[in-house]
Amino acid sequence: MSEPKSSETAGAKLIDGKAFARKLREQTAQEVTAFHEKHGITPGLAVVLVGNDPASEVYVRNKALETHRVGMRSFMHMLPETTSESALLKLIERLNADPEIHGILVQLPLPKHIDPHRVTNAITPNKDVDGLGEVNAGRLSVGLPGIIPCTPLGCLMLLKSELGDLRGLNATVIGASNLVGKPMAQLLLNEGCTVSIGHIDTKEPAKLARWADILVVATGKNGLVKRDWVKPGATVIDVGITRVATEKGKTKLVGDVAFDEVAPIAGRITPVPGGVGPMTIACLLRNTLKAARMSVGDKACAHSGEKNWLPY
């Protein structure tokens, strides 16, 4: 009888985003304390939710809870579905001018009568902790320091923790949203990867995916990526998260990657849940601390490196 395979050789190594995020939050809490001792300022995060979507409400309240846990202040603005675009823009104007607010996040999606681009661009760039405004997006595109969207930032942190220097690696991003796909591709390009990006109109996306040493998938279509999409030994980052029904009448969370098919051949893979998800809030807290430091010109983290995904 042959010996059973060890966990290291039986398939992909699981990338534990939950553990990484916990350490990142702990580091952030320590730095928040040091920042307050140095400047007498507590970083403040304002989160705005328009409408009463239950899932969004839970997500927003979790953000508030984690904000308090690292020693920051949380300012919640829960607005009705009928809130006008002009009223929302006036609120953002007030938050921009409030010195106690260092970061502003407007939860997406917004009701159909509100233009999300106009709203995100109304946030002053140094308080745009989601990194979605034109100024921060433009700075990322030309490789200048700025505030990076939280989910791609978390993905990059996980990749660098696992692989170290990414220069020269082939990377494919499946999904071209402004929230994840486009900034993720740009971050990888800035790290020296050779980058391809696939989207809904891409012909033969599996072929595009198979060449990648790094495969990041962010489409919102559960189980899209099958075994034959993945290069053996590749590092797979699954950003997707969808709640589906089980045979027992319950529900579970699944990703864009068919995990059971892909895990045996990938080198490393993020699970769903427990992979990218926890990193998003952890990076939001980092971005808020970064915004607070920018408000006083504090470059306390310069020693940790010059890459723009770091606090400074």
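All values reported here derive from a predicted model rather than from experimental measurement. Throughout, a residue's number is its position along its own chain's written sequence, starting from 1. Totals for whole chains, interfaces and linings use every residue, but because this is a predicted model, local features are given only for residues with pLDDT of at least 70 and side-chain atom pairs only at 80 or more, for both listing and counting. Heavy atoms from the whole structure form the basis of all side-chain values; hydrogens and water molecules are not counted.

For salt bridges, the criterion is a side-chain nitrogen of Lys or Arg within 4 Å of an Asp or Glu carboxyl oxygen. All told, the structure shown has 11 salt bridges when counted by the stated rule. Between Arg118 and Glu85 there is a salt bridge, and its shortest N-O distance comes to 2.7 Å. Here the residue Arg118 occupies a position in helix α4 (residues 116–122), and Glu85 occupies one in helix α3 (residues 85–97), the gap between them amounting to 33 residues. Classification of residues uses two cut-offs on accessible area relative to the type maximum, computed with a 1.4 Å probe and protein chains only: under 20% is buried, over 50% is exposed, and between them is partly exposed. Taking the relative accessible area as the measure of exposure, Arg118 reaches 48% and is therefore partly exposed. Here the residues in one salt-bridge network are Lys13, Glu162 and Arg268, joined through shared partners. Working definition: helices are DSSP H or I runs of at least four residues, strands are E runs of at least two. Numbering for both runs from the N terminus.

Let us look at the side chain of Thr235. Along the chain, Thr235 falls in strand β8 (residues 235–238). The exposure class of Thr235 is buried, given its relative accessible area of 2%. Not counting chain neighbours up to four residues away, the residues in contact with Thr235 comprise Ile15, Leu159, Leu163, Asp213, Ile214, Leu215 and Arg268. Every residue pair with non-hydrogen atoms within 4.5 Å of one another is taken to be in contact.

So, on to the sheet that holds strand β3 (residues 73–79). Here, any two strands with at least 2 DSSP bridges between them count as paired. Pairing in this open sheet of 3 strands is parallel, and the strands run β3-β2-β4 from one edge to the other. The open sheet has two free edges, formed respectively by β3 and β4 (103–106), since each of these has just one partner strand. In this sheet, adjacent strand axes meet at a mean angle of 15 degrees when their direction is disregarded. Examined bridge by bridge, strand β2 (residues 44–50) and β4 share 4 bridges and lie parallel to one another. What sits directly across from Ala46, in β4, is Ile104. Only the stretch in contact is used when a helix axis is fitted, and all axes are lines through C-alpha atoms; the angle between N-to-C directions ranges over 0 to 180 degrees. Contacting β2, β3 and β4, α3 crosses the sheet at an angle of about 180 degrees to β2.

Here the focus is the state of the cysteines. By convention in this document, the label disulfide applies to cysteine sulfur atom pairs within 2.5 Å. Overall, the coordinates contain 0 disulfides when judged by the stated rule. With no disulfide of its own, Cys155 lies 8.7 Å from the sulfur of Cys283, the closest cysteine sulfur. When its relative accessible area of 0% is taken as the criterion, Cys155 is described as buried. Overall, the relative accessible area of 0% leaves Cys283 in the buried class.

We now examine the environment of Ala176. On the secondary structure map, Ala176 appears in the loop between β5 (170–174) and α7 (181–190). Note on Ala176: relative accessible area 30%, which makes it partly exposed. Residues Ala176 and Ala218, spaced 42 residues apart in sequence, show a C-alpha to C-alpha distance of 8.0 Å. In this structure Ala176 touches Gly181, Lys182, Ile197, Gly198 and His199, once residues within four positions along its chain are discounted.

Most peptide bonds are trans, and most residues other than glycine sit at a negative phi. Following Leu108, the chain continues into Pro109 via a peptide bond in cis, with omega recorded as 0 degrees. Mapped onto the elements of the fold, Pro109 is located in the loop between β4 and α4. Between Val272 and Pro273 the backbone carries a cis peptide bond, its omega angle lying at 0 degrees. One can find Pro273 in the loop between β11 (268–269) and α10 (277–296).

Another point: the confidence of the model for the protein. Detailed reading of the predicted coordinates is not advisable wherever pLDDT is low. pLDDT is a residue-level measure of predictor confidence that goes from 0 to 100. In the predicted model, the protein carries a mean pLDDT of 91, and 92% of its residues have values of at least 70. The model gives residues 1–9 a pLDDT under 50, and that stretch makes 1 contact with residues more than four places away or in other chains. Per-residue pLDDT stays below 50 along residues 301–312; that stretch engages in 37 contacts with residues further than four places along the chain or on separate chains.

Moving on to the nonpolar core. Membership of the largest hydrophobic core comes to 38 residues, with the highest contact counts inside it found for Met184, Leu188, Val216, Ile237 and Val239. For this core, the elements supplying multiple residues, two or more each, are α1 (17–39), β2, α6 (150–163), β5, α7, β7 (214–217) and α10. For this core, the element with the most residues is α6, which contributes 7 residues. Those residues in contact with Met184 that lie beyond four places of it in its chain are Pro152, Cys155, Leu156, Leu159, Val173 and Val216. Only buried residues count toward a nonpolar core, which is a set of Ala, Val, Leu, Ile, Met, Phe, Trp, Tyr and Cys residues joined through side-chain atoms within 4.5 Å. One finds Ile174, Ala209, Val217 and Val230 within the second-largest nonpolar core, a separate group that totals 17 residues.

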